[in-house]
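Observations on chain architecture
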Amino acid sequence: MCGIVGYIGKNTAWPVLIKGLERLEYRGYDSAGIALLEGGTFSVYKKKGRVAELSKFAKSHNELSGGVGIAHTRWATHGVPSDANAHPHLSNGGDIVIVHNGIIENYLSIKKVLIGKGYKFKSDTDTEVLANLIEDIKKNGSAGRQIPIDEAVRLALAEVTGAYAILVLSKDEPGTMVVAKVGSPAVIGIGNGEFFIASDATPIVEHTKKVVYLEDGEMAVIKDGKLSLKTIKNKVRKNLYVHTLKTKIEELEKGGFPHFMLKEIFDQPESLRNTMRGRIVMDKGNVKFGGVEKFNKEFKNLEHLTIIGMGTARFSGLIGEYAFEELAGIPVKVEYGSEFTYRSVANGRHAGLIAISQSGETADTLNAIKKAKEEKLLTLGIVNVIGSSIARVVDAGIYNHVGPETAVASTKATTSQALLFVMLAIYLGRMRDLSKSDGQKILKEIQKLPEYVESILKHANLIKKLAKKYKKYKNFFFLGRKYNAGAAMEGALKLKECSYIHAEGCNAAELKHGPISLIDKDFPSLVIAPTDSMYEKNKSHIQEIKARGGKVIVLTTEGNKELKNVADDVIYIPKTLEMLTPILAFVPMQLLAYYIAVEKGNDVDKPRNLAKSVTVE
Ligand code: AGP
């Protein structure tokens, strides 16, 4: 994880770096730091805590000039969050300064060698080891003579294993910045006589729309206003492939909402419209996905699918599982990316893998795709962040098009993921036995989803009241069946990560096989029970909980009065097709988690211990 930002150019680096760190804080926020190259020396400001604290601290210490700088916001992997472990890290001689996103796996053996040479370490990080390794190589490079910083970085990286995106400066070469990456992302923005480097494009977009994505195993050298790319193995990349960013600045702001999470919850009618925009072909009862068509033959022959993702993304996959089986008759397995990488794959011929990820950077998911490619599986990505690592590595891709999701808790990407699974199931179904009229029936309901979500959001105040009532509880069950089993797990995750309330998401049928022993008056349950094929079963589950003194919030279909006198509280969602109900059920559960977190005074957008994009295994 962690976010890195760099600036080299004719203007002052500080404002670009600090604003860039704010944009990247979703990647980690336990400490932050900036190094500026001013008058031939490095000024390094670093502080445990948020970027805002770093900003206050640095401003009170110095005038922050300098046209070259690197910055970092951290999610701790090696060493506790502290001032000392915060990046940037200086080498012993003070010549090299570095920021790093990733993990150097063999850092201990390198550290031992460096200690043998007299190097001292102020932090527990793998990054400080890399800084000193670069310094050591630079000093003693060629026949005892100094070598240029880019060559020293290249040689040092040839010795390390692991994942990294790094920015490196040397005080002896003030006009040079070196960027390198393996496994962690790095984007370079090309301005007018200036360069902006970051973990993703969000710190760059307000300065320039022209960007170059660094590939794994590559390094960029920005020297005297010129950018060149080569591999760590020293092969020059001639074509820069300059991409044009489409993100608008307003999409990165809160737009009058107190938190990004609430804004993103309220974005959902529009984000769902954007997910389906231009993709529905009603007269054919089908959908169109530009990034998939060239693999139509392979998709037609698919006999088995594995869906992988982590956290929320995997829960969306559980909805996809039912949709693919129901509409396309394709057997599906849903798996953690982290586990898929390390198990024996027995997929046989015509097997495919769908990787789902909002950020497109989740290491557990990315590694699983690499494994799938080794196993010759057709890989398809459902990704939100355009140009992200997963988007670039898969054979075929579908973008969510929901715009940047900034709050750590996923909301608008989740509803979009579930929608795309149903749409993709229609696509695969129409290649098989799904009739045109059945396709049309589902698509007509899909088109109504934005309005349905709008109508749920109109009643957000009712959920706010429930939040006040239920905030005191220390435990919660979220229960559902079939399509809504995955939705229940997502509801529980949302409450856990935002409200710090222990919550278990569980298939409602499983309750009686053990978990029900936890139920008492202090252990409430939210049961997702729309009037669908599972309704009667869910009614029994509710009765089982009530019989044991448990409180129940029931989430059911508008107009269903039956549960009013059974449940303690009822939340209504509009009537829709069974396979689309999770998309609607997500919304009140998101609001409940949000309002309870606000009631408890939690940092809603950046819950403790978390980061939005988990780029370490
Ligand atoms: C969602 O609220 C979580 N913060 C988390 O579970 C997230 O969904 C997971 O880390 C996967 O992220 P990705 O979609 O970016 O791959």
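Because the structure is a prediction, the values reported are computed rather than measured.

**A closer look at helix H9 (residues 312-328)**
In a regular helix each residue adds 1.5 Å, so 17 residues correspond to 24 Å; H9 covers 24 Å between its end C-alpha atoms and thus fits that length. With 13 of 17 residues buried, H9 is to be regarded as a mostly interior element.

**Focus on the site of the ligand**
The immediate surroundings of the ligand are formed by 14 residues, with Ser357, Gln358, Ser359, Thr362 and Glu497 found nearest. At 2.6 Å, a side-chain N or O of serine 359 approaches an oxygen atom of the ligand. In this structure, threonine 362 approaches the ligand through a side-chain N or O atom, which is 2.4 Å from an oxygen atom. Relative to its unbound accessible surface of 410 Å², the ligand loses 90% to contact with the protein. Mapping the ligand onto the cavity grids shows that it belongs to the second largest pocket. Element by element, the count of residues in the shell around the ligand is highest for helix H16 (residues 483-499), at three residues. Residue composition of the shell around the ligand, grouped by class: five nonpolar, seven polar and two charged.

**With respect to the sheet that holds strand E14 (residues 236-237)**
Picture the strands of a sheet paired through backbone hydrogen bonds; they go either parallel or antiparallel. Taken in spatial order, the seven strands make up an open sheet running E5-E6-E7-E8-E12-E13-E14, and their pairing is antiparallel. Each edge of the open sheet is held by one strand with a lone partner, namely strand E5 (89-90) and E14. Pairing between strand E13 (residues 226-231) and E14: two bridges, direction antiparallel. What sits directly across from leucine 229, in E14, is arginine 237.

**Observations regarding the UniProt feature "domain: SIS" (unreviewed entry) in the protein**
Using the residue numbers shown here, the UniProt feature "domain: SIS" (unreviewed entry) corresponds to residues 295-436 and 466-607. Span residues 466-607 is 38% helix and 19% strand, its end C-alpha atoms 21 Å apart.

**Description of the pattern of salt bridges**
Applying the stated rule across the entire model yields 35 salt bridges. Aspartate 267 is the partner of lysine 263 in a salt bridge, and the nearest nitrogen-oxygen pair spans 3.1 Å. Of the two residues, lysine 263 and aspartate 267, neither departs from the other in class, the shared state being buried. With a closest N to O distance of 2.9 Å, lysine 448 and glutamate 445 form a salt bridge. Of the two residues, lysine 448 and glutamate 445 both sit in helix H14 (residues 436-457), three residues apart, roughly one turn of that helix. The class for lysine 448 is partly exposed, based on a relative accessible area of 35%. The exposure class of glutamate 445 is buried, given its relative accessible area of 12%.

**Some words on the layout of surface pockets**
A volume near 590 Å³ is recorded for the second largest pocket. If you go around the second largest pocket, you meet 29 residues; those closest to its centre are Met310, Gly311, Thr312, Leu493 and Lys612. Every element with two or more residues in the lining of the second largest pocket is listed here: H9, strand E20 (351-357), helix H11 (363-374) and H16. When residues in the lining of the second largest pocket are grouped by element, the largest group, five residues, is from H16. Here the residues of the lining of the second largest pocket are counted per class, giving twelve nonpolar, eleven polar and six charged.

**Some details on empty space enclosed by the protein**
A full pass over the atoms with the stated rule returns one cavity of 30 Å³ or more. In this structure, the largest cavity encloses a volume near 50 Å³. Lining of the largest cavity is provided by Cys2, Arg74, Thr77, His78, His87, His100, Gly102, Thr125, Asp126 and Thr127. For the lining of the largest cavity, the elements supplying multiple residues, two or more each, are strand E6 (96-104) and helix H4 (126-140). Grouping the constituent residues of the lining of the largest cavity by class yields one nonpolar, seven polar and two charged.

**Structural notes on helix H3 (residues 107-116)**
For H3, every residue scored as buried is listed here: Tyr107, Ile110, Lys111 and Leu114. The buried residues of H3 occupy an angular sector of 105° when the element is viewed end-on, so they sit on one face. Across H3 from its buried face, at more than 90 degrees, point the exposed residues Leu108, Lys112, Val113 and Gly116. Each element contacted by the buried residues of H3 is listed here: E6, H4 and helix H5 (149-159). Among the residues trailing H3, glycine 118 stands out with phi positive, at a value near 100°.

**Points about the packing of H3 against H4**
Taken N-terminus to C-terminus, the directions of H3 and H4 make an angle of 50°; their axes are 9 Å apart at the nearest point. Judged by the inter-axis angle, H3 sits oblique to H4. The handedness of the crossing between H3 and H4 comes out as left-handed. Of H4, the residues touching H3 (which contributes Tyr107, Ile110, Lys111 and Leu114) are Asp126, Val129, Asn132, Leu133 and Asp136. Of the residues contributing to the contact of H3 with H4, the split by class is five nonpolar, one polar and three charged.

So, how was this worked out
Residues numbered from 1 in each chain as written. Predicted model: local features only at pLDDT ≥ 70, side-chain atom pairs only at ≥ 80, totals over all residues. Heavy atoms only, no water. Helix = DSSP H or I, 4+ residues; strand = E, 2+ residues; numbered from the N terminus. Expected span 1.5 Å × (residues − 1). Buried < 20%, exposed > 50% of the residue type's maximum accessible area, 1.4 Å probe, protein only. Near = heavy atom within 4 Å. Polar contact = N/O pair within 3.5 Å; in protein donor to acceptor, adjacent residues only side chain to side chain. Areas by Shrake-Rupley, 256 points an atom, 1.4 Å probe, with all protein chains shown as cover. 1 Å grid on protein atoms, 1.4 Å probe; cavity = no way out; pocket = protein on both sides within 12 Å on 5 of 7 lines; lining within 4 Å. Sits in = over half its atoms within 2 Å of the grid points. Nonpolar A, V, L, I, M, F, W, Y, C, P; charged D, E, K, R; others polar. Pairing = 2+ DSSP bridges. UniProt positions renumbered as here; feature names shortened; annotations may be inferred. Salt bridge = Lys/Arg side-chain N within 4 Å of Asp/Glu carboxyl O. Points joined across faces, edges and corners; volume = space filled by probe spheres on them. Arc of directions from axis to C-beta. Contact = heavy atoms within 4.5 Å. Axes fitted to C-alpha atoms, helices over the stretch in contact; angles between N-to-C directions. Parallel < 35°, antiparallel > 145°, perpendicular 65-115°, else oblique. Left-handed = near helix turned anticlockwise from the far one by under 90°.

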